[in-house]
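Residue-level listing of the chains:
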Amino acid sequence: MRPIIFAALLLTFASAARADEYDEIVNNCNFANAEFGAVAIQICIKDNQAARAAVLQYPDNVKHIVARCVRGRELGWSMVKLCVDKDIEAEAALANYATEHDSQMKECEMEFGGRGAARIKACVDQAIEAARSPKNCEAGANRRSDRTIIRSSG
């Protein structure tokens, strides 16, 4: 008798959790698409459900990426999936960078480590490009661009 009660409680909890996530998706889609009508809301709901299902299917070796990206789910599960996909792609690219870029990678990891591999890769790519620039004569030049801002006097 106890195993049956335990199984019933487990199923109740699991279905309640799914209902809460479904309600969250519906509420977010209603809020984001109310001005576009019911069709847009339904498309949003279907897209978010599909993206959520895909996110839950990622292998264990990328669960750390999934856990970080899921924190931004208020933007929608499609954005969570995009975050995970971009970080997986960026981790693979960073693993293939030559050792000559180790210093840029370490600096970028210190600055942007909590924001994911895609942000670190963008930082490293920007540092590499800045090092190639003919204007860059200083060692360890700042990664930010030195654009001149032209203001109109009007």
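Above this text sits the structure in question.
Structural notes, computed from the coordinates. This is a predicted model, so every value here is computed, not measured.

In total, this model carries five salt bridges according to the counting rule given. Among the salt bridges present, the one from Arg68 reaches Asp87, with a minimum N-O distance of 2.1 Å. Residue Arg68 is located in helix H3 (residues 63–70), and its partner Asp87 is located in helix H4 (residues 77–95); the two are separated by 19 residues in the primary sequence. As a salt-bridge pair, Lys81 and Asp85 come within 2.8 Å of each other at their nearest N and O atoms.

With that settled, consider the side chain of Arg52. By the secondary structure assignment, Arg52 is in helix H2 (residues 38–56). Beyond its immediate stretch of four places on either side in the chain, Arg52 contacts Glu21, Ile25 and Trp77.

Here the focus is the environment of Ala67. Within the secondary structure, Ala67 is located in helix H3. For Ala67, a relative accessible area of 49% corresponds to the partly exposed category.

Taken N-terminus to C-terminus, the directions of helix H5 (residues 102–112) and helix H6 (residues 117–132) make an angle of 135 degrees; their axes are 9 Å apart at the nearest point. Between H5 and H6, the angle falls in the class oblique. For the crossing formed where H5 meets H6, the hand is right-handed. Residues Gln104, Met105, Cys108, Glu109 and Phe112 of H5 lie in contact with H6, whose contacting residues are Arg119, Ile120, Cys123, Val124 and Ala127.

The next point concerns the nonpolar core. Core analysis: the largest hydrophobic core is formed by 17 residues, its most contacted members being Val55, Trp77, Val80 and Val84. For this core, the elements supplying multiple residues, two or more each, are helix H1 (2–33), H2, H3 and H4. It is H2 that contributes the most residues to this core, five residues altogether. In this structure, Val84 is in contact with Tyr58, Ile65, Val66 and Cys69, ignoring residues within four places of it in sequence. Residues Ala90, Leu94, Cys108 and Phe112 belong to the second largest nonpolar core, which totals 10 residues.

Here we take up the packing of H4 against H6. Contact geometry of H4 with H6 gives a least axis separation of 7 Å together with a crossing angle of 45 degrees. By the criterion of interaxial angle, the relationship of H4 to H6 is oblique. As for the relative orientation of H4 and H6, their crossing is left-handed in sense. Contacts between H4 and H6 involve Lys86, Asp87, Ala90, Glu91, Ala93 and Leu94 from the former and Ala117, Ala118, Ile120, Lys121 and Val124 from the latter.

What counts, and at which threshold
- Residues numbered from 1 in each chain as written.
- Predicted model: local features only at pLDDT ≥ 70, side-chain atom pairs only at ≥ 80, totals over all residues.
- Heavy atoms only, no water.
- Salt bridge = Lys/Arg side-chain N within 4 Å of Asp/Glu carboxyl O.
- Helix = DSSP H or I, 4+ residues; strand = E, 2+ residues; numbered from the N terminus.
- Contact = heavy atoms within 4.5 Å.
- Buried < 20%, exposed > 50% of the residue type's maximum accessible area, 1.4 Å probe, protein only.
- Axes fitted to C-alpha atoms, helices over the stretch in contact; angles between N-to-C directions.
- Parallel < 35°, antiparallel > 145°, perpendicular 65-115°, else oblique.
- Left-handed = near helix turned anticlockwise from the far one by under 90°.
- Core = buried A, V, L, I, M, F, W, Y, C linked by side-chain atoms within 4.5 Å.

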